[in-house]
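# Close look at the chain arrangement
Take a look at the letters that make up each chain.
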Amino acid sequence: MQQTSDNFIAAATEALHNDYQQATRDFLGQMAPKATAAARANFGDWDALRAHVKRIREHSLDHLAYYLEQYEAAAQADGVQVHWAEDADALNRRVLEICREHGARRVAKGKSMVTEETGLTPYLESAGLTVTETDLGEYIVQQAGEPPSHIVGPALHKSVDEVRELFLRKHDLGERALDGPPELVAEARTVLRDTFLQADVGIIGANALIAESGHSMLVTNEGNGDLVANLPAVRIVCTTIDRVVPRAEDATAMLRLLVRSATGQSVTAYTSFYGGSRREEEQDGPTETHVILLDNHRGEMLEGPFRDMLHCIRCGNCLTHCPIYVAAGGHAYGWVYPGPMGSVLTPLLTSLEASSALPNACTACGRCAEICPADIPLPDLLRDLREEESQQRLNPRRWRLGIRWHARLLRFPRLYHGLSRIAIAALHRLGRRRGAFQSLWLAEGWTGQRDFPAPQSSTTFMQEYRQQSRQSLHSQKAQHDGE
Amino acid sequence: MEPRHSERGAPSPHVGLFVTCLADLFRPSVAWASLTLLERAGCRVSVPSAQTCCGQPAYNSGDKARAVPLAKSVIRAFEGLDYVVAPSGSCAGMLKVHYPRLLEGEWRQRAEHLAQRTWELSAFLTEVTPLPLPANRPDAGHVAFHDSCAGLRELGVREQPRHLLRQQCSADIAELDNRDVCCGFGGTFCAKMPDISTKMCDDKLKAVSATGAPTLVGGDLGCLLNLAGRARRQGQNLQVRHFAELLVGDINQPAIGESGD
Ligand code: SF4
């Protein structure tokens, strides 16, 4: 996927000017936090579950090589072919090779952010294959020629009317009403039914890999994942190395967090565990099963200061809790992962240079970290990325120097207080009549859209306080002298 | 100076007022009100003259190296006192939560020691030295309350200022329907991404106007300057004040961003 993260600010402004889509996002920003809060409240001890899963994830990552080997051995024993992919290109190539080995022409896909990350669909399409997304949201954005705007609900930015128009245009099914979501869903289902039946290869993702059994876990609400996994002759699971946990109960503990945080449900409609291919006595299932484990910088993250980010379970809750995501929309982030988790992941998985605006898209309000089921200190990680930016001089020079000189001045209290007295006296005199400035030199970022309140007084507090202390000393002295 | 003693006979705590750079420069009345309140609660208050700013601008901009000396000088200026109190959740949070992260070795220990004794004003006046009821209670009337994020999430400041406003000046507090969402200030964020920041600020101001309250009260001047500045630009008639000003009944002077004439 062509990355446009460096255009974040302009893209956000454009999104803000689209009133219709902004209203859709505002609605999402109000409803999603309510739904997930209710789900948390209905669960017993949420914080204990969160702490439990955190320990599981920490343990798994501490012993990642061990559990990956255990997983690989168990999966192979179950007849799964396990492949390792260093980067996006390696994963894409491996998938294409498997497709070619089977002379495949049609590929059905379940929802997978990992394959969005590697750009698998356009890669396969450019090699002449027909690739169809089967998750309803993914199908909608694929038909619209857009990237997903949210990691759980890829088409959440689209209104029902927009989807209706899209289907009427794209599906050659003659005159019909298509009134309301049920009819739209039914039509997508009909159209997709053939895709499942005709596909030569099915590609799905995984929410967790279970080391002891070699199984992969997948949750969906539409059941499309199971059709993609089981109807075509070849199944390919594309996932990343950090998904592995020791036991099945670890995966289901994670699942409890995930579902409530993602959609506010207490359980998804479909939770499946996949092992190897169809056995001799079995009627259905694929005849060949592959799992591709992608690294793509995760090994580096494991060793570095951003390791906490590997705990992310991709629930998407930080997105809809982030007022900046709600304002800017997912597309403004310019790559696969938006919102707070995306602002951390994008620089780590691509480059800081190509996404230097993203770590700045944060007011450190802490709402994301508060609800993150994986307890990731997102604002702290974003601040650390800003530090790297500053060290690599990727932030605007004006900002860097401004901050530096301000901080230097602050180290000299007398000089600072003296200079601020002069500045405040002048600002107060200039702004007294109106009470605020409509424009101010060097503060255009502020005064573009808001007034700049003038100082209340011609003196600073420190100045007033000193004068008062002196006066009271004087009066004490005068009293003393008089006695 | 003789140490003053509280009614119970215990020596009165010696509090260092961390003025905050915004109160120092833009709103001295907030610092004066804080001083008055702390004294009324029986504290002996000092204002160390070596203080300038807590270092958040550098720290949050990723220039940690330049935030370190500022943190050290704050620690040096205040560590001899019993408590540090700031009329700002974000500055108190910087001292309490972020200094120990920022510093290392012996300095981290000193930072942790100070952190344990650092308080946001309303939390201090409810949890450490309860504020006695004033002789004549001012009437704050109908006010909307804005929670600032750092105070709310880093320090758990939520009920304390509301409690004080009700108890001390009979405030009728209106809650915003988006009370746990940021107002878009975010320090340098508001100047780096003004369009997004303005949208967030407008959402907040819309919620304020839905309450019908003529006054918006909060505990952090950063947010309040942002909200007052935007309200003025939009022609929204709203008085924006810090809760400390209301608690001392200092409401005759112009609100934030209002003209004095
Ligand atoms: S960072 Fe946390 S809240 Fe955001 S998607 Fe990951 S697990 Fe969910």
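How each quantity is defined
Residues numbered from 1 in each chain as written. Chains lettered and ligands numbered in written order. Predicted model: local features only at pLDDT ≥ 70, side-chain atom pairs only at ≥ 80, totals over all residues. Heavy atoms only, no water. Pairing = 2+ DSSP bridges. Helix = DSSP H or I, 4+ residues; strand = E, 2+ residues; numbered from the N terminus. Right-handed = clockwise from strand over helix to strand, strands pointing away. Axes fitted to C-alpha atoms, helices over the stretch in contact; angles between N-to-C directions. Contact = heavy atoms within 4.5 Å. Buried < 20%, exposed > 50% of the residue type's maximum accessible area, 1.4 Å probe, protein only. Polar contact = N/O pair within 3.5 Å; in protein donor to acceptor, adjacent residues only side chain to side chain. Buried area = accessible area lost by both parts, 1.4 Å probe. Salt bridge = Lys/Arg side-chain N within 4 Å of Asp/Glu carboxyl O. Core = buried A, V, L, I, M, F, W, Y, C linked by side-chain atoms within 4.5 Å.

### Structural notes on the pairing of strand S8 (residues 239-242) of chain B
All names here are of chain B. Direction of pairing for strand S7 (residues 215-218) relative to S8: parallel, over a ladder of four bridges. Pairing of Leu-216 across the sheet is with Val-240, part of S8. Of the crossover connections in this fold, the one passing from S7 over helix H12 (residues 221-233) to the parallel S8 is right-handed.

### Looking at the sheet that holds S8 of chain B
Residue and element names in this part refer to chain B. The four strands lie next to each other as S6-S5-S7-S8, forming an open sheet whose pairing is parallel. If you trace the sheet from one side to the other, it starts and ends with strand S6 (172-174) and S8, each paired once. Averaged over neighbouring strand pairs, the angle between their axes works out to 35° when direction is ignored. Sheet topology note: the strand S5 (residues 142-146)/S6 ladder contains three bridges and is parallel. When the sheet's bridge partners are listed, His-142 is paired in S6 with Asp-172. Running over the sheet, helix H11 (residues 194-211) touches S5, S6 and S7 and is turned about 155° from S5. Across the sheet, H12 is in contact with S5, S7 and S8; its angle to S8 comes to roughly 175°.

### A word on the environment of Ser-34 of chain B
Residue and element names in this part refer to chain B. Mapped onto the fold, Ser-34 is located in helix H2 (residues 28-40). Given a relative accessible area of 0%, Ser-34 falls into the buried group. For Ser-34 and Val-143, which are 109 residues apart along the polypeptide, the C-alpha to C-alpha distance reads 20 Å. Among the polar contacts made by the side chain of Ser-34, one reaches the main-chain carbonyl oxygen of Val-30 at a distance of 2.6 Å.

### With respect to the side chain of Thr-220 of chain A
Residue and element names in this part refer to chain A. Residue position: Thr-220 is located in strand S6 (residues 215-220). Assessed through its relative accessible area of 15%, Thr-220 is described here as buried. Engagement of the side chain of Thr-220 in a polar contact is seen with the backbone nitrogen of Gly-223, the distance being 3.2 Å. The residues touching Thr-220, leaving out its near neighbours within four places in the chain, are Gly-225, Thr-268, Ala-269 and Tyr-270.

### Some points on the interface of chain B and chain A
With 71 residues of chain B at the interface, the matching set in chain A holds 68 residues. Each partner contributes to the roughly 5,900 Å² buried at the junction of chain B and chain A, and carbon and sulfur atoms together form 60% of this total. For the interface between chain B and chain A, the tally reads eight salt bridges. Here Glu-370 of chain A and Arg-153 of chain B are joined by a salt bridge, their closest N and O atoms 3.0 Å apart.

### Here we look at the nonpolar core
Residues and elements named next belong to chain B. Leu-38, Tyr-99, Leu-125 and Leu-165 are the most contacted members of the largest nonpolar core, which has 95 residues in total. Broken down by element, this core gets its largest block of residues, seven residues, from H12. If sequence neighbours within four positions are ignored, Leu-125 has contacts with Leu-37, Leu-38, Ala-41, Pro-130, Leu-131 and Leu-164.

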